[in-house]
Amino acid sequence: MNYAARQAYYREIEKTRDTKVIAFVTGERLGLQTIIAGDAIEPFVTLLDSIGPTKKLSLILDTNGGHTSAAWRLIHLLRSFGDELEIIVPAKAMSAGTLMALGADRIVMTKQAALGPIDPSLENHALNPAISSGERVSVSAEAIRGYLAEIKKDVTDPVALASIWTHLATQIHPLVLGQIFRLGGQIRSMAKSLIKGQVQDEKKQNEIIELLCSDSGSHDYTINRRVAAEMGLSIEKPSDDLYKTLSNITKSYHSELKTLEPFSLHGLLAGAAHRPYTLVRGLIEATEAGCYGYVTQGEVTAPAAAGAPVGSTKTFEGWRKLP
């Protein structure tokens, strides 16, 4: 199943919900994962320009998250085109995806759909701590806050606390600590601004944001439809027909992105000495305006000697309109 097949499902949603559909899927095929990032802005603008201002927009979102700044820009971009905005979550909208969902008027969640914590982490920073392999590990703001909160339960002496801070700064660079705490404050501010469309009571807003930022305990914590509604978010259960449609759409995404197929450079060679490749790793599409894929393109070559790695030359990577 491909974009042409999904168009029929999108048209069905548009007809029954009196809306315009746009979809955003970040791939999760192992080794080829993609995230919400700033490079998604341009495809969204192109598709939304084609749709034009409309009474209602429905974003179908399937993602494990990404950059909060990109999520913030995308939700405001969608808001500028649609008087009413709903986000439909067939499977998951984690982390930055949850932040986007807070900015909708309502969130349509299937029975298996999940939201998650929005606590920020700093990844791929040159000063992040390194493990033995040399790889830089991400740093979570809430993990640091949790560590310090536990310490303060037992340690009250200012000199001892200063010593703990000094030791922490030898493990995590002070500039990283500063950045991660700034991110924590920033994401709370973003969430407070976005959630007002769904939750008007300020006390309830703060409770939800605290749960999403720290009280959930782990970035892997998932929030199902029932819990999201109990929290106070504006949650809608899809009809049986919409559920079936969303299931078919999700299966189509996984088929096109080959989510469950193991990826390897050897597999791309398929016994040849060299072979060009094109991998579609994410999707942004609208019903009539077209489909963009996050594409990695290049060529693989067989190892020059036994035990040598497969050679790979990348010629393109980014969002591209698909035929």
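Residues numbered from 1 in each chain as written. Predicted model: local features only at pLDDT ≥ 70, side-chain atom pairs only at ≥ 80, totals over all residues. Heavy atoms only, no water.

Enquirer: Could you give me a rundown of helix α2 (residues 41–51), with the residues and numbers involved?
Expert: Residues of α2 that are buried: Ile41, Pro43, Phe44, Leu47 and Leu48. Across the axial projection of α2, the buried residues extend over an arc of 160°, all falling on one side. More than 90 degrees from the buried face of α2, the exposed residues found are Glu42, Asp49 and Ser50. At its buried positions, α2 is contacted by β1 (20–26), β2 (54–62), α3 (68–81), β10 (274–286), β11 (290–301) and β12 (311–321). In the stretch just after α2, Gly52 is the one whose phi turns positive, near 80°. (Buried < 20%, exposed > 50% of the residue type's maximum accessible area, 1.4 Å probe, protein only. Helix = DSSP H or I, 4+ residues; strand = E, 2+ residues; numbered from the N terminus. Arc of directions from axis to C-beta. Contact = heavy atoms within 4.5 Å.)

Enquirer: Account for the sheet that holds β11, with residues named and values stated.
Expert: In space, the eight strands of this open sheet follow the order β9-β5-β3-β2-β1-β10-β11-β12, with mixed pairing throughout. In the strand order of this sheet, the two ends are held by β9 (235–236) and β12, each with one partner. With six bridges connecting them, β2 and strand β3 (residues 82–89) associate as parallel partners. What sits directly across from Ile60, in β3, is Ile88. (Pairing = 2+ DSSP bridges.)

Enquirer: Explain the pattern of salt bridges residue by residue, including any values.
Expert: Within this structure, the stated rule accounts for 19 salt bridges. Of the charged contacts in the structure, one is a salt bridge between Arg11 and Glu288, with a shortest N-O distance of 2.8 Å. Taken as a pair, Arg11 in helix α1 (residues 3–17) and Glu288 in the loop between β10 and β11 lie far apart in primary sequence, 277 residues in all. Arg11 sits in the partly exposed class, given a relative accessible area of 39%. You can call Glu288 exposed: its relative accessible area is 55%. Glu207 is the partner of Lys204 in a salt bridge, and the nearest nitrogen-oxygen pair spans 3.4 Å. One end of the pair is Lys204 and the other is Glu207, both in helix α8 (residues 202–215) and three residues apart, which spans about a single turn. Among the charged side chains, a network of salt bridges with common partners joins Arg17, Lys56, Glu84, Glu86, Arg106 and Glu236. (Salt bridge = Lys/Arg side-chain N within 4 Å of Asp/Glu carboxyl O.)

Enquirer: Describe the environment of Ala114, naming the residues involved and giving the relevant values.
Expert: Structurally, Ala114 can be placed in strand β6 (residues 114–115). Residue class for Ala114 comes out buried when judged on its relative accessible area of 12%. Separated by 20 residues in sequence, Ala114 and Met94 have C-alpha atoms that sit 7.1 Å apart. With residues up to four places along the chain from it excluded, the contact list for Ala114 reads Val89, Ala91, Lys92, Ala93, Met94, Met109, Thr222 and Ile223.

Enquirer: Mind laying out the nonpolar core, listing which residues take part and the relevant values?
Expert: In terms of nonpolar packing, the biggest core is built from 54 residues, with Phe24, Phe44, Leu78, Met100, Leu115 and Leu233 touching the most fellow members. Counting residues per element, this core draws most heavily on α3, at seven residues. Setting aside its immediate chain neighbours within four residues, Leu115 contacts Val89, Ala93, Met94, Thr98, Ala101, Ile107, Met109, Tyr221, Thr222, Ile223, Ala228 and Leu233. Counting 19 residues, the second largest nonpolar core, distinct from the first, contains Ala23, Val25, Leu242 and Leu283. (Core = buried A, V, L, I, M, F, W, Y, C linked by side-chain atoms within 4.5 Å.)

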